[in-house]
Amino acid sequence: MTASAAPLLDTIGGLPEAAVDEVVSASDVHKWFGSLHVLKGVSLSVKRGEVVVIIGPSGSGKTTFVRCLNHLEEIQRGRILVNGTLIGYREKRGRLVKDSERNIARQRREIGMVFQRFNLFNHMTALGNVVEAPIRVLGMRAEEAAEIGRTLLARVGLANKADAYPAQLSGGQQQRVAIARALAMKPRLMLFDEPTSALDPEMIGEVLEVMQELAREGMTMIVVTHEMGFAREVADRVVMMDDGRVIEDAPPRQFFTSPAHARAQSFLSKIL
């Protein structure tokens, strides 16, 4: 990843124009797993180009909330809009009813997600993993997809790994392939669910570097992470969740120096 290389987003045609400035609008979101009330009225708005980092203790609902944003988990109350469109549901006679799988799949095309585990196809090369969705979902020509895929792999520092299989890559390299794969779909929103938690310490930096570059280039990002340095340096806002609720939402400097909520103060005192 050299300084003279073209910006990551330029390699995929730049950021698509969003119809609305507010990319994410979640209002009073509730989620139950059986009798377990996991999300208890979560509300969050994210503007275009913002980087929002979500932190909190294990079991606070961070991952569940992010998975709800692209309807990998269904919500039972509230509503989520991405780019001004309801996710997973549609309005019918004043009520929300589940949307068709086709519409949900179409909505997910504009939302990239990078998981804790890399979820690469083990039987495909790095390049094969990156181009699979653009060809099958977007109908892109194989030659065009391969050109974009190679460019993206180069931009995440893996130009020489295009023909390598996941088993031949380190964890950090696999996660960078996963980021390139998500970007190949030209998303308007990127979700990261603890993308470095499964990595050895020496591999974390190479993944965070790619994410920092995306942030500099204006990608709208929601990042669940325990990397406080990344939150300090890159986030526009830090959101803390606890017991299924948002308890703090503030710029990094304010959050890390003078959090308003006692629970946030206690949490930071144990991890900083």
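Residues numbered from 1 in each chain as written. Predicted model: local features only at pLDDT ≥ 70, side-chain atom pairs only at ≥ 80, totals over all residues. Heavy atoms only, no water.

**What about the pattern of salt bridges?**
Right, so step 1: Taken as a whole and judged by the stated rule, the model has 15 salt bridges.
Right, so step 2: In this structure, the salt-bridge partner of E73 is K31, at a minimum N-O distance of 3.8 Å. Pair noted here: E73 is in the loop between α1 (62–69) and β4 (77–82) and K31 is in strand β1 (residues 22–33), with a separation of 42 residues, a long-range link.
Right, so step 3: According to the relative accessible area criterion, E73 is buried, its value standing at 18%.
Right, so step 4: Judged by relative accessible area, K31 falls into the buried class, the value being 6%.
Right, so step 5: The shortest N-O distance in the salt bridge between R245 and D243 comes to 3.4 Å. (Salt bridge = Lys/Arg side-chain N within 4 Å of Asp/Glu carboxyl O. Helix = DSSP H or I, 4+ residues; strand = E, 2+ residues; numbered from the N terminus. Buried < 20%, exposed > 50% of the residue type's maximum accessible area, 1.4 Å probe, protein only.)

**Section: the packing of aromatic side chains**
Right, so step 1: Under the defined criterion, the tally for this structure stands at one aromatic pair.
Right, so step 2: Their ring planes at 90° and their centres at 5.2 Å tell us that F255 and F256 sit as a pair that is edge-to-face.
Right, so step 3: Taking the relative accessible area as the measure of exposure, F255 reaches 0% and is therefore buried.
Right, so step 4: One residue, R232, lies across the ring of F256, its end atom 4.4 Å from the ring centre. (Phe/Tyr/Trp six-rings, centres within 6.5 Å; stacked < 30°, edge-to-face > 60°. Lys NZ or Arg CZ within 6 Å of the ring centre and 35° of its normal.)

**A few points about the sheet that holds strand β3 (residues 51–55)**
Right, so step 1: Sheet architecture is open: six strands sit in the order β8-β9-β10-β3-β11-β12, paired in mixed fashion. Edge positions in the sheet fall to β8 (111–114) and β12 (245–250), since each has one partner strand and no second. Between one strand axis and the next, the sheet turns through 20° on average, direction left out of account.
Right, so step 2: Direction of pairing for β8 relative to strand β9 (residues 189–193): parallel, over a ladder of four bridges. Bridge pairing links I111 to L189 in β9. (Pairing = 2+ DSSP bridges. Axes fitted to C-alpha atoms, helices over the stretch in contact; angles between N-to-C directions.)

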